[in-house]
Amino acid sequence: VTQAGAQGRDQKHLDDEVESARHSQAVQALKDRAGARIKLAAENHILKARLVEAASHGRDQKSLDEEVLLAREVVAARVAAEREEAEAQLREENRVLRRRLQVQQGRDEKALDDEILHAREVAAVRIRTERLEREAALAEENKAWKSRVAAA
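Just so it is clear, the structure is predicted and the values come from calculations on it, not from any experiment.

Colleague: So what's going on with the overall build of the chain? Residues and values would help.
Modeller: Assigned secondary structure in the chain consists of four helices and zero strands. In the chain, the succession of α and β elements from N to C terminus is α-α-α-α. Split into buried and exposed, the 152 residues of the chain put 1% on the buried side. A total accessible area of about 14800 Å² is found for the chain, and carbon and sulfur atoms account for 55% of it.

Shown next as C-alpha cells:
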C-alpha cells in the first residue's frame, strides 16, 4: 500500500517498458493532434483565399444589368399607369352614382293611403311603449331580486 501511494492510485505497478510505451503513445497522440490542427488551418486558409478570389471576379454579383433595370422601370411605369387609370375610372363611377343618389327622391312605391300610414305610426308607438314597459318591469324585478339576495 505504501508503494501504491508513492506511485499514485494505480496499484498495478507497471514495469518500465509498459510505462515508456504509454508515454510514447501519449506523445504521438499530441503530435497527431497538432498535425491535424495545422492541416485544418492550412485548409481554412486555402478556402478563405478561394472565397476572396471568387468575390473579386464578380461571380457573386449583387447588382443588376442596365437592361434588367430598364425593363423593371418600364414595367413599374406601366403598372402605375394602369393603377391610375383604374382609380380614375372608379372616381368617375362614384361621381355618377353620387349624382344619381342626389337626384333620387324618396317615394313610397306601395302608394298607401293616409289611413294605413296613420295605423302604422300608431302601431309603432304602441310597440315602443310596450317595450319600454317590459324593460321597466324587468328592471324592477332585477332590483327586487338583488335586494333579496343581499338580505340573505
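Back to the write-up after that little detour.
Colleague: Mind laying out a nonpolar patch on the surface, listing which residues take part and the relevant values?
Modeller: A cluster of nonpolar side chains, Leu64, Val68 and Leu69, forms an exposed patch at the surface whose accessible area comes to about 210 Å². The topology assignment puts Leu69 in helix 3 (residues 66-103). You can call Leu69 partly exposed: its relative accessible area is 34%.

Colleague: Let's hear about the pattern of salt bridges: which residues, and what values?
Modeller: Taken as a whole and judged by the stated rule, the model has five salt bridges. Note that Arg78 is salt-bridged to Glu82, the shortest N-O span being 3.6 Å. Note that Arg78 and Glu82 are positioned in helix 3 at a spacing of four residues, about one turn of the helix. The salt bridge involving Arg126 is made with Glu130; its shortest N-O contact spans 3.5 Å. Of this pair, Arg126 and Glu130 both sit in helix 4 (residues 114-151), separated by four residues, roughly a single helical turn. Of the residues examined, Arg126 reaches a relative accessible area of 44% and is grouped as partly exposed. Its relative accessible area of 34% is what places Glu130 among the partly exposed residues.

Colleague: Residue-level account of a negative patch on the surface, with values.
Modeller: There is a patch of like negative charges on the surface, built from Asp15, Asp16, Glu17 and Glu19. With respect to the helices, strands and loops of the structure, Asp15 is situated in the loop between helix 1 (2-7) and helix 2 (16-57).

Colleague: Describe the confidence of the model for the chain, naming the residues involved and giving the relevant values.
Modeller: Per-chain confidence: the chain averages 86 in pLDDT, with 84% of residues scoring 70 or above. Per-element confidence in the chain ranges from a low mean pLDDT of 54 for helix 1 to a high of 94 for helix 4.

Calculation notes
- Residues numbered from 1 in each chain as written.
- Predicted model: local features only at pLDDT ≥ 70, side-chain atom pairs only at ≥ 80, totals over all residues.
- Heavy atoms only, no water.
- Helix = DSSP H or I, 4+ residues; strand = E, 2+ residues; numbered from the N terminus.
- Buried < 20%, exposed > 50% of the residue type's maximum accessible area, 1.4 Å probe, protein only.
- Areas by Shrake-Rupley, 256 points an atom, 1.4 Å probe, with all protein chains shown as cover.
- Patch = residues over 30% accessible without salt bridge, like charges linked within 9 Å, V, L, I, M, F, W, Y side chains within 5 Å.
- Salt bridge = Lys/Arg side-chain N within 4 Å of Asp/Glu carboxyl O.
- Lys, Arg positive; Asp, Glu negative; His and termini not counted.
- Charge placed at Lys NZ, Arg CZ, Asp CG, Glu CD.
- pLDDT = per-residue confidence, 0-100.

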